[in-house]
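Given next are the chains, with one letter for each unit.
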Amino acid sequence: MLIKRKRGWELRESEATPEAMFHDRRRILQAMGLGALTAAASPARVALAAAPADPSAGLYPARRNERYTLDRPVTDEKLATTYNNFYEYGSQKTIAEDAQELPIRPWTIAIDGMVEKPMTLGIDDLLKRATLEERLYRHRCVEAWSMAVPWSGFALKALVDMAQPLASAKYLRMETFENPKVAPGQKQFWYPWPYVEGLTMAEATNELAFLVTGMYGKPVPRQDGAPLRLALPWKYGFKSIKSIVKFSFTDKRPVSFWEKLQSSEYGFWANVNPDVPHPRWSQATERVLGVDGRRPTLLYNGYGDYVASLYQGLAGEHLFM
Ligand code: MTE
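So, how was this worked out
- Along each chain, the written sequence defines residue order, and numbers are assigned to residues from 1.
- Given that the model is predicted, a residue must reach a pLDDT of at least 70 before its local features are reported, and side-chain atom pairs must reach 80 or more before they are shown or counted; all residues, however, enter totals for whole chains, interfaces and linings.
- To obtain the side-chain values, all non-hydrogen atoms of the structure were used and water was disregarded.
- Counting from the N terminus, the helices are DSSP H or I runs at least four residues long and the strands are E runs at least two residues long.
- In this scheme, a residue with accessible area under 20% of its type's maximum is buried, one over 50% is exposed, and one in between is partly exposed, where area comes from a 1.4 Å probe on protein chains only.
- Any pair of residues with heavy atoms lying within 4.5 Å of one another is described as a contacting pair.
- We define proximity as follows: a residue is near a molecule or strand when any one of its heavy atoms falls within 4 Å of that partner.
- In the analysis that follows, any N or O atom pair within 3.5 Å is treated as a polar contact, provided that within protein one partner can donate a hydrogen and the other can accept it, and provided that, for residues neighboring in sequence, both atoms belong to side chains.
- Accessible surface is estimated by sampling points in the Shrake-Rupley manner with a 1.4 Å probe; for residues, cover comes only from the protein chains shown.
- For this classification, Asp, Glu, Lys and Arg are treated as charged, while Ala, Val, Leu, Ile, Met, Phe, Trp, Tyr, Cys and Pro are nonpolar and the rest, including Gly, are polar.
- Should a side-chain nitrogen of Lys or Arg be within 4 Å of a carboxyl oxygen of Asp or Glu, the pair is scored as a salt bridge.
- Strand pairing is assigned whenever DSSP detects at least two bridges linking the two strands.
- All axes here are fitted lines through C-alpha atoms, helices being fitted over the stretch that makes contact, and every angle between N-to-C directions spans 0 to 180 degrees.

Observations concerning the environment of Phe247
Thought 1: Assignment of secondary structure puts Phe247 in strand S10 (residues 244-250).
Thought 2: Phe247 sits in the buried class, given a relative accessible area of 0%.
Thought 3: For the pair Phe247 and Ala110, spaced 137 residues apart in the sequence, the C-alpha separation amounts to 6.2 Å.
Thought 4: Not counting residues up to four positions away in its chain, the partners in contact with Phe247 are Ile109, Ala110, Ile111, Asp112, Leu156, Leu159, Leu172, Arg173, Met174, Leu211 and Leu228.

Put into structure tokens, the structure is as follows:
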């Protein structure tokens, strides 16, 4: 890497501690409390006010699937929608306002590669084919913060079934939009845009892998990955790619955005494990947004019953980073 400056992903150990959370919370509260005072001056706030209503709003709230339960309260909606990672809008957590620049209609999704049925379709056509449900999931970022979210959407497996992958397809590669005109973070040339993520076919068709179109009983907001993102609750949050425009079925293991940047810290598997530290900080505990103190992190983020069998026979792989 030629440019010597601290990157967003080069989080220091001290920034993954409760003290950092204290400062982050203060920043969030300040942002909320002082928002009105700065509203007139901020172009992004003007955009928020002007963002057109989401045409899918009538689909929510979706019926809750009671199979997926939480061991903790749902995170306050305001917190979950104002504390984000979305590098297309910068490396700071407070990108919610700026992300309102993202146009989410029309929004075309391509399904290609090793499939019987390659297709492109608009998000509203996809929504018409799907049966939406709500699931309560834990969400654990590799930076050691977490939340609990009521996502709405449908199983990724439904999209896989629609595409009819060939037997030769081993992986699903997913890609985010690329448009630096509406996402200034994408002008930062040292990042390998567009954001890419990947899963094995067994992971993609696991019942937990969930394509998210809504959140808190409403369409998912832009800052959280509108109009279509992934939720993989047993993996670190960076695997849950936002604002997806392409699904490609392939026999080559995809190299993700973070893996390309720093493969020694962010791998392909990224399954949550409290006993495997990140090279620069512990993963033993997490700070739950909106809650004082830390709580122990759970193996596979508590979803081992659903997913542990996916990783049998893969002992040689770095499954937890
Ligand atoms: N997807 C895209 N396209 N760009 C991103 O920067 N950040 C990831 C993931 N998906 C990211 C992304 C990371 S690091 C996390 S923790 C989650 O999104 C954050 O999701 P949230 O902001 O809805 O909590």
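Describing the site of the ligand
Thought 1: By nearness alone, 18 residues border the ligand, and Tyr87, Glu88, Asp224, Arg229 and Lys242 come closest of all.
Thought 2: Contact between the ligand and Asn85: an oxygen atom at 3.2 Å from a main-chain N or O atom of the residue.
Thought 3: Compared with its free state, where it exposes 530 Å², the ligand has 99% of that area covered by protein.
Thought 4: Looking at the shell around the ligand, its residues break down into eight nonpolar, six polar and four charged.

Overview of the pattern of salt bridges
Thought 1: Applying the stated criterion to the full structure yields 21 salt bridges.
Thought 2: Between Lys252 and Asp251 there is a salt bridge, and its shortest N-O distance comes to 3.4 Å.
Thought 3: The exposure class of Lys252 is exposed, given its relative accessible area of 60%.
Thought 4: One salt-bridge network, in which partners are shared between bridges, spans Asp71, Arg72, Arg138, Arg140, Glu286 and Arg295.

Examining the sheet that holds strand S1 (residues 108-113)
Thought 1: As summarised here, the arrangement of the five strands in space is S2-S1-S10-S5-S6, forming an open sheet in which the pairing is mixed. Only two strands of the sheet have a single neighbouring strand rather than two, namely strand S2 (119-122) and strand S6 (196-200). Mean inter-strand twist for the sheet, computed between neighbouring axes without regard to direction, equals 15 degrees.
Thought 2: With six bridges joining them, strand S5 (residues 171-176) and S10 adopt antiparallel strand pairing.

Examining the side chain of Arg138
Thought 1: Here Arg138 shows up in strand S3 (residues 133-140).
Thought 2: The buried category is assigned to Arg138, whose relative accessible area is 6%.
Thought 3: Among the polar contacts listed, one links the side chain of Arg138 to the backbone oxygen of Asn301, at a separation of 2.9 Å.
Thought 4: Reaching out from Arg138, the side chain makes a polar contact with the backbone oxygen of Gly302 at a distance of 3.4 Å.
Thought 5: Leaving out residues up to four positions away in the same chain, Arg138 has contacts with Thr69, Leu70, Asp71, Arg72, Met147, Ala148, Pro233, Leu298, Asn301, Gly302 and Tyr303.

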